[in-house]
Amino acid sequence: MDEDNLSSTESHKRGSSALQLGPRKKVLKSDPLVLHGQHFGHTVFALCNYPSLLTSGVLRLEQLEDMSIEDFSAEQHRERAVFEQLLDSYPGLLERLKEGSEEELIHVGELGAACARGEDTKSLKPVIIDWIAPLGEPVVPPLPRNSKISRGFNHPLTGHLLCPAELDWDDADTKQRLQSGELVVSGDQWPLFIYANEVFDPEDPWNGLLRSHLLVNAFRHIFTSPSSVDKEPKATRAGNTKIHGMTTITSASVAYMATQIRFTLYSETFYHSLLDLLEDLDKCREVTELLLWWNYQIFPMSSAAKQPLKENSALSKIRQKRAALKDADGGSA
């Protein structure tokens, strides 16, 4: 996910949503909130138009004094939810936003997230070759560690990993159409590498989704430390997780890592399509199980990595009874 390819062009085509990338501006890195912006991009929302998100967020807080939240559109509801997560992350930020200049708004997230994306791409570019190479065998033809020119569908190894899961890379016609560009891959055609063991089950698309070894390696490399990839993960390991007090996985952090790995298919729609699935209330059980799996991979000693309650345990029955009462009272219990 190259910075040069995540330009404002696609954002303009998509409209002025605060949850799409906006035009980039050069600002100083001296603001301490830049570090928070990096973590926000990693774990909450990576491809925001931060000035628009922050400006519209403050404006909607003022609008709520005279109107009901039900008057907002679905997109406005989502923007508001992301904005509130931003405020919850940084105590005192709201006051600064109300008093600060536009330059300060840009400082908060845009520079931090943009720097994080660029640094992560640069860091992953060489090491990902080691992770995808056949064990004990050379990569044929060779793949340069610091160049992406030979990657994508032009190489049999990366082409297999990037091939949409519902397609057959071994089919000569499919491969030729992907390589020639005749077959254009959209953001909601997910690559095979996000599935465990690169196996896609068309009868059960959730089976193995976002549970690949490649994803876990990349996550550890960026969030804990590069050395943690080849060692048993520990909750106390230094890195971004320790710096920001991160002890549990977020849906956005998993989507971000998958988007980073898809290093030759630069598409915002890929990131958004994954988030749409992971935030779908109808898939709550599947997402909970997925995040539990991820927490065990990255934070095995954390309470978030513990298995769900046994179905017939006392605590489980208490929670079930509480949920039933809450439903009967219309959510007021």
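Described in the following lines is the structure provided in the data block.

So, how was this worked out
In every chain, residue numbers begin from 1 and rise along the written sequence. This being a predicted model, a pLDDT of at least 70 is required before a residue's local features are given, and a value of 80 or more before pairs of side-chain atoms are given or counted; all residues contribute to the totals for chains, interfaces and linings. Heavy atoms from the whole structure form the basis of all side-chain values; hydrogens and water molecules are not counted. Each Phe, Tyr or Trp ring, with Trp reduced to its six-membered ring, pairs with another whose centre is within 6.5 Å; inter-plane angles below 30 degrees give stacked pairs, above 60 give edge-to-face pairs, and intermediate values give tilted ones. Here a strand is any run of E in DSSP of at least two residues, a helix any run of H or I of at least four, and the numbering for each starts at the N terminus. Residue burial is assigned from relative accessible area. The probe radius is 1.4 Å, only protein chains are included, and a residue is buried under 20% of its type maximum, exposed over 50%, and partly exposed in between. The length a helix should cover is 1.5 Å for every residue beyond the first. Throughout, nonpolar core names a set of buried Ala, Val, Leu, Ile, Met, Phe, Trp, Tyr and Cys residues whose side chains join them through atoms within 4.5 Å. Contact between two residues is taken to exist if any of their heavy atoms lie within 4.5 Å; hydrogens are not considered. Salt bridges, as used here, are contacts in which a Lys or Arg side-chain nitrogen is within 4 Å of a carboxyl oxygen on Asp or Glu. A fitted line through C-alpha atoms represents every axis, and for helices the fit uses only the stretch in contact; the resulting angles, taken between N-to-C directions, go from 0 to 180 degrees. In these notes the angle categories are as follows: under 35 degrees is roughly parallel, over 145 is roughly antiparallel, 65 to 115 is roughly perpendicular, and the rest is oblique. Any residue outside Ala, Val, Leu, Ile, Met, Phe, Trp, Tyr, Cys, Pro, Asp, Glu, Lys and Arg is labelled polar, Gly included; the first ten of those are nonpolar and the last four are charged.

This part covers the packing of aromatic side chains. One pass over the full model with this rule turns up six aromatic pairs. Both rings, one in Phe45 and one in Tyr271, keep their centres 5.6 Å apart while their planes meet at 85°; by these two values the pair is edge-to-face. In this pair, Phe45 is assigned in the loop between α2 (33–43) and α3 (50–63) and Tyr271 in helix α12 (residues 268–278), connecting sequence segments 226 residues apart. For Tyr271, a relative accessible area of 0% translates into the label buried. A centroid spacing of 4.1 Å and a plane angle of 10° characterise the contact between Phe219 and Phe223, whose relative ring orientation is stacked. With a gap of four residues between them, Phe219 and Phe223 both fall in helix α9 (residues 213–224), about one helical turn apart. Site record: aromatic cluster; members linked through ring pairs are Phe219, Phe223, Trp293 and Trp294.

Compared with the 21 Å implied by 1.5 Å per residue over 15 residues, the 21 Å span of helix α13 (residues 284–298) between its first and last C-alpha is a close match. Every buried residue belonging to α13 is among Glu286, Val287, Leu290, Leu291, Leu292, Trp294, Asn295, Gln297 and Ile298, and all of these are buried.

Turning our attention to the nonpolar core. Membership of the largest hydrophobic core comes to 69 residues, with the highest contact counts inside it found for Phe40, Ile194, Leu210, Ile249, Met257, Tyr271 and Trp294. Beyond its immediate chain neighbours, meaning those up to four positions away, Phe40 contacts Phe45, Cys48, Tyr50, Leu53, Val82, Leu86 and Tyr90.

One pass over the structure, following the stated rule, counts eight salt bridges. For Glu84, the salt bridge is made with Arg80, and the minimal N-O distance between the two is 2.9 Å. With a gap of four residues between them, Glu84 and Arg80 both fall in helix α4 (residues 74–89), about one helical turn apart. Here Arg80 falls in the partly exposed class, since its relative accessible area comes to 22%. The shortest N-O distance in the salt bridge between Arg285 and Glu286 comes to 3.7 Å. When salt bridges that share partners are traced, they join Arg78, Asp276 and Glu279 into one network.

Another aspect to go through is the packing of α9 against helix α11 (residues 251–261). With their axes 10 Å apart at the nearest point, α9 and α11 run at an angle of 105° to one another. Relative to α11, the element α9 is oriented roughly perpendicular. Listed contacts from α11 to Leu214, Leu215, Ala218, Phe219, Ile222 and Phe223 of α9 are Ser253, Val254, Met257, Ala258 and Ile261. Partitioned by chemical class, the residues of the contact of α9 with α11 number 10 nonpolar, one polar and no charged.

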